[in-house]
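Listed here are the chains, written in short residue letters.
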Amino acid sequence: MSILIIGANGMLGKDLVQVLRGSSFEFLGLGKSDLDITDLKAIENKLLKVNPSVVILSAAYTLVDNCEDQKELANSINGDGAKNVALVCKKIGARLLYVSTDYVFDGSKDSSYVEEDLTNPINVYGQSKLLGEKNIQDILSDYLIIRTSWLFGLGGKNFVESILKRGQKGEDLRVVSDQIGAPTNTKDLAVAIVKLLRNDTKGIINISNSGECSWQEFAAAIYSEIGLDESKVASISTEEFGAKAPRPKNSRLSSERFEKVAGYRLRDWKEALKDYLEHRKSSTISK
Ligand SMILES: NC(=O)c1ccc[n+]([C@@H]2O[C@H](COP(=O)([O-])OP(=O)(O)OC[C@H]3O[C@@H](n4cnc5c(N)ncnc54)[C@H](OP(=O)(O)O)[C@@H]3O)[C@@H](O)[C@H]2O)c1
């Protein structure tokens, strides 16, 4: 089985490359300069040449706040880009794994979201990723949509790095405490995705680290892990913080389907955070 990763230079993409390097799979990773997913002809040329049996589409326009003013760009990469890749996968008979997001939901549910729950994205980024999901579902039968949440990884800018930077300056923080979700280490997600390559699960599947927290609790845990006083991390509301893009209050994804299919659950986000902090100094993955 040969695997093609599109978006291999992104935060998750880099971990997918690392995990696949340690596996028996044949694979190729392409960055944006190798393949732009808004260019259907280029995808056709590349995929016909590489002829993968599975394509993992991790590439996306992921700047959630910027998407609010760049709807066309977000839709062209996250929506039409996914459609282009799906069309070519259909042509060559490849299976498509598409990485999607908790932001396809509006956050009004008071428990974890399961795969069948009604989507209703409240920001442009979520709408564009849902468009990508729908395009894939319209074109392919052999696809897997992997919804995940709150990613942090050694290969990219992320919330943990922002908090560490501010912690190193000894700053007092005000962090949103009325959005709840599950931080997910991209290393754990990459391992999970590679596990799913070995079975032919189809449809939609949620994957995130276990447990849940607010952004404020996440930031406080980071402060505590590096020996800073958690009380320096105060709570503020989403409204007070005033980000450009609205975000769901509840981003929790139930990983029950993944646990049944894969036979294990991802570790708790706190353990995944500890692991990240232990490895960030010695990591050879570039940001
Ligand atoms: N980050 C999160 O918290 C989060 C949460 C839930 C789901 N997700 C989803 O998880 C996946 C991976 O996220 P991530 O955080 O690893 O993203 P990331 O670090 O932003 O990586 C995305 C990659 O896509 C590439 N890309 C952008 N436009 C492209 C185009 N037109 N053609 C080809 N490549 C293009 C980017 O290249 P350049 O850098 O060169 O532009 C970048 O390397 C995404 O699908 C995202 O929607 C992310």
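Everything below is about the structure printed above this text.
Residues numbered from 1 in each chain as written. Predicted model: local features only at pLDDT ≥ 70, side-chain atom pairs only at ≥ 80, totals over all residues. Heavy atoms only, no water.

**Q** Looking at this model, I keep getting lost on the overall build of the protein chain. Mind explaining?
**A** When helices and strands are tallied, the protein chain shows eleven helices and twelve strands. Relative to the compact-globule value of 19 Å for 287 residues, the protein chain shows a C-alpha radius of gyration of 18 Å, a close match. Expressed as a percentage of its 287 residues, the buried residues of the protein chain come to 53%. Taking the contacts inside the protein chain whose residues are at least 6 apart along the sequence as the reference set, 82% of them involve residues at least 24 apart. Carbon and sulfur atoms form 47% of the exposed surface of the protein chain, whose accessible area is close to 12,900 Å². Considering the protein chain, the positive charge centre built from 38 side chains and the negative charge centre built from 39 side chains are found 5 Å apart. (Helix = DSSP H or I, 4+ residues; strand = E, 2+ residues; numbered from the N terminus. Rg over C-alpha atoms; globule rule 2.2 N^0.38 Å. Buried < 20%, exposed > 50% of the residue type's maximum accessible area, 1.4 Å probe, protein only. Contact = heavy atoms within 4.5 Å. Areas by Shrake-Rupley, 256 points an atom, 1.4 Å probe, with all protein chains shown as cover. Lys, Arg positive; Asp, Glu negative; His and termini not counted. Charge placed at Lys NZ, Arg CZ, Asp CG, Glu CD.)

**Q** Hey, could you run me through the site of the ligand in this one?
**A** Surveying the vicinity of the ligand reveals 21 residues, the closest of which are Met-11, Leu-12, Thr-62, Tyr-125 and Lys-129. The contact in question runs from an oxygen atom of the ligand to an N or O atom on the backbone of Leu-12, over 2.8 Å. The contact in question runs from an oxygen atom of the ligand to an N or O atom on the side chain of Lys-129, over 2.8 Å. Coverage of the ligand by the protein amounts to 79% of the 900 Å² it exposes when considered alone. Per-element tally for the shell around the ligand: the top contributor is strand β4 (residues 95-101), with three residues. (Near = heavy atom within 4 Å. Polar contact = N/O pair within 3.5 Å; in protein donor to acceptor, adjacent residues only side chain to side chain.)

**Q** Any chance you could explain helix α6 (residues 159-168) here in plain terms?
**A** Because an α-helix packs 3.6 residues into every turn, residues spaced three or four apart end up facing the same way. Listed as buried for α6 are Val-160, Glu-161, Ile-163, Leu-164 and Gly-167. When α6 is viewed along its axis, its buried side chains cluster within an angular range of 165° and face the same direction. Of the surrounding elements, those touching the buried residues of α6 are β6 (151-152), β7 (173-176), α8 (215-225) and α11 (269-279). The distance from a side-chain oxygen at the start of α6 to the backbone nitrogen of Val-160 is 2.9 Å, and the residue carrying that oxygen is Asn-158. Looking one or two residues past α6, Gly-170 carries a phi angle of roughly 70°, positive in sign. (Arc of directions from axis to C-beta.)

**Q** Sorry if this is basic, but what is going on with the side chain of Asn-206 here?
**A** Its location among the elements puts Asn-206 in strand β10 (residues 203-206). Classification of Asn-206 by relative accessible area gives buried; the value is 0%. A polar contact of 3.0 Å, which involves the side chain of Asn-206, links it to the backbone oxygen of Tyr-113. Within the structure, the side chain of Asn-206 is placed 3.0 Å from the backbone oxygen of Ser-254, a separation counted as a polar contact. Not counting residues up to four positions away in its chain, the partners in contact with Asn-206 are Tyr-113, Val-114, Glu-115, Arg-147, Leu-253, Ser-254, Ser-255 and Phe-258.

**Q** Just to check I follow, could you spell out the packing of aromatic side chains for this structure?
**A** Within a pair of aromatic rings, the relevant descriptors are the distance that separates the centres and the angle that separates the planes. Under the definition given, this model contains ten aromatic pairs. Arranged with centres 5.7 Å apart and planes meeting at 55°, the rings of Phe-152 and Phe-218 form a pair that is tilted. With Phe-152 in strand β6 and Phe-218 in helix α8, the pair connects residues that are 66 residues apart, well separated along the chain. Of the two residues examined, Phe-152 and Phe-218, each falls in the buried class. On the numbers, 5.6 Å between centres and 80° between planes, the contact of Phe-218 with Trp-269 is edge-to-face. Separated by 51 residues along the polypeptide, Phe-218 in helix α8 and Trp-269 in helix α11 bring together distant segments of the chain. Among the aromatic residues, those joined into a cluster by ring pairs are Trp-150, Phe-152, Phe-159, Trp-215, Phe-218, Trp-269 and Tyr-276. (Phe/Tyr/Trp six-rings, centres within 6.5 Å; stacked < 30°, edge-to-face > 60°.)

**Q** I keep staring at unusual backbone geometry and nothing clicks. Help me out?
**A** Note: most residues except glycine have negative phi, and most peptide bonds are trans. At Asn-51, a position not held by glycine, the phi torsion is positive, near 50°. Counting through the fold element by element, Asn-51 comes out in the loop between α2 (40-50) and β3 (54-57). Phi angles above zero are rare outside glycine, and Trp-150 is one such case at about 45°. Assignment of secondary structure puts Trp-150 in the loop between β5 (143-148) and β6. On the basis of relative accessibility, which here comes to 7%, the residue Trp-150 falls in the buried class.

**Q** Quick question: what am I supposed to make of helix α5 (residues 124-139) here?
**A** With 16 residues, α5 should cover 22 Å at 1.5 Å per step; its first-to-last C-alpha distance of 23 Å lies within 8% of that length. Among the residues of α5, Val-124, Tyr-125, Gly-126, Ser-128, Lys-129, Leu-130, Gly-132, Glu-133, Asn-135, Ile-136 and Ile-139 are the ones counted as buried. Looking at the buried side of α5, the elements it contacts are α3 (64-67), α4 (71-92), β4 and β5. (Expected span 1.5 Å × (residues − 1).)

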